[in-house]
Amino acid sequence: AMVIPMVGPPGGSIVSLPVEVRGTLNMVKYCVFGLWAFGLLFFLVQPLSALSTICLAVFGTFLLSEDPQVAPCYSILRERFVGQCCGSGGLSMLAPFLLFSGVNAVVDGLQLVQVFGIAGMAMFKYPPVDILICIWVCEVAAAVLSWRVLKAVMPTMPEPGGGYQP
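Keep in mind the model is a prediction, meaning the values are calculated, not measured.

Q: Now, about the overall build of the chain: what can you tell me, with residues and values included?
A: Within the chain, the regular secondary structure consists of five helices and zero strands. Looking at the chain residue by residue over its 166 residues, the buried ones come to 36%. For the chain, contacts bridging at least 24 residues in sequence account for 71% of all contacts bridging at least 6. Element-wise, carbon and sulfur atoms account for 71% of the exposed surface of the chain, whose accessible area totals about 9700 Å².

Put into structure tokens, the structure is as follows:
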């Protein structure tokens, strides 16, 4: 019987990553900062709609748990609010963060298309719409950047038949 190798989520430390990958992950950090800022602003005007953004910011904080600027926020979240639900953080959160940011970007993008399709450019006058645009930009950037990091850290699949031993 032929066996298909399963590739698990990347683990390990952020410090062990190549310099260019750490640079990309550093850009993800600014997306997470934006998600926190705009998510909390959005929470003031539309609390239920902002929950997915705040959850994504929590995922990003756990992803960047080793970063010196993010570590204090990570420890507060882990010790006081979230606890053990997200594991120990780090690179094991990369795939869930990518998936969640991609799904959020699609859903929020569709919401923006609907809003601008109904009322047009006049919607720029409303602060909740402006905040949602900023959230969407952060989500798209986070999805693209985390995809680049994931591609760089995932081991490549072996060639078909290459390395297979019966």
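Q: Can you lay out helix 1 (residues 19–45) for me, pointing to particular residues and giving the numbers?
A: Taking 1.5 Å as the rise per residue, helix 1 with 27 residues should run 39 Å; its terminal C-alpha atoms sit 40 Å apart, in good agreement. Those residues of helix 1 that are buried are in contact with helix 2 (47–63), helix 3 (71–81), helix 4 (94–119) and helix 5 (127–153).

Q: I'd like a description of the environment of alanine 71, backed by residues and values.
A: Position of alanine 71 among the secondary structure elements: in helix 3. Residue classification places alanine 71 among the partly exposed positions, given a relative accessible area of 27%. Residues alanine 71 and threonine 61 lie ten residues apart in sequence; the distance between their C-alpha atoms is 8.1 Å.

What counts, and at which threshold
- Here the residue index of a chain counts from 1 through its sequence in written order.
- Only residues with pLDDT of at least 70 get local features here, since the model is predicted, and only at 80 or more are side-chain atom pairs given and counted; chain-wide, interface and lining totals rely on the full set of residues.
- Each side-chain value is derived from all of the structure's non-hydrogen atoms; neither hydrogens nor water enter the calculation.
- In this text, helices come from DSSP runs of H or I with a minimum length of four residues, and strands from runs of E with a minimum of two, each type numbered from the N-terminal end.
- Each residue is placed in one exposure class: buried if its accessible area under a 1.4 Å probe, protein chains only, is under 20% of its type's maximum, exposed if it is over 50%, and partly exposed if it falls in between.
- In this analysis, two residues are considered to be in contact whenever any of their non-hydrogen atoms come within 4.5 Å of each other.
- We get accessible surface area from the Shrake-Rupley algorithm with a probe of 1.4 Å; when it comes to residues, only the shown protein chains can shield them.
- What a helix should span is 1.5 Å times the count of its residues minus one.

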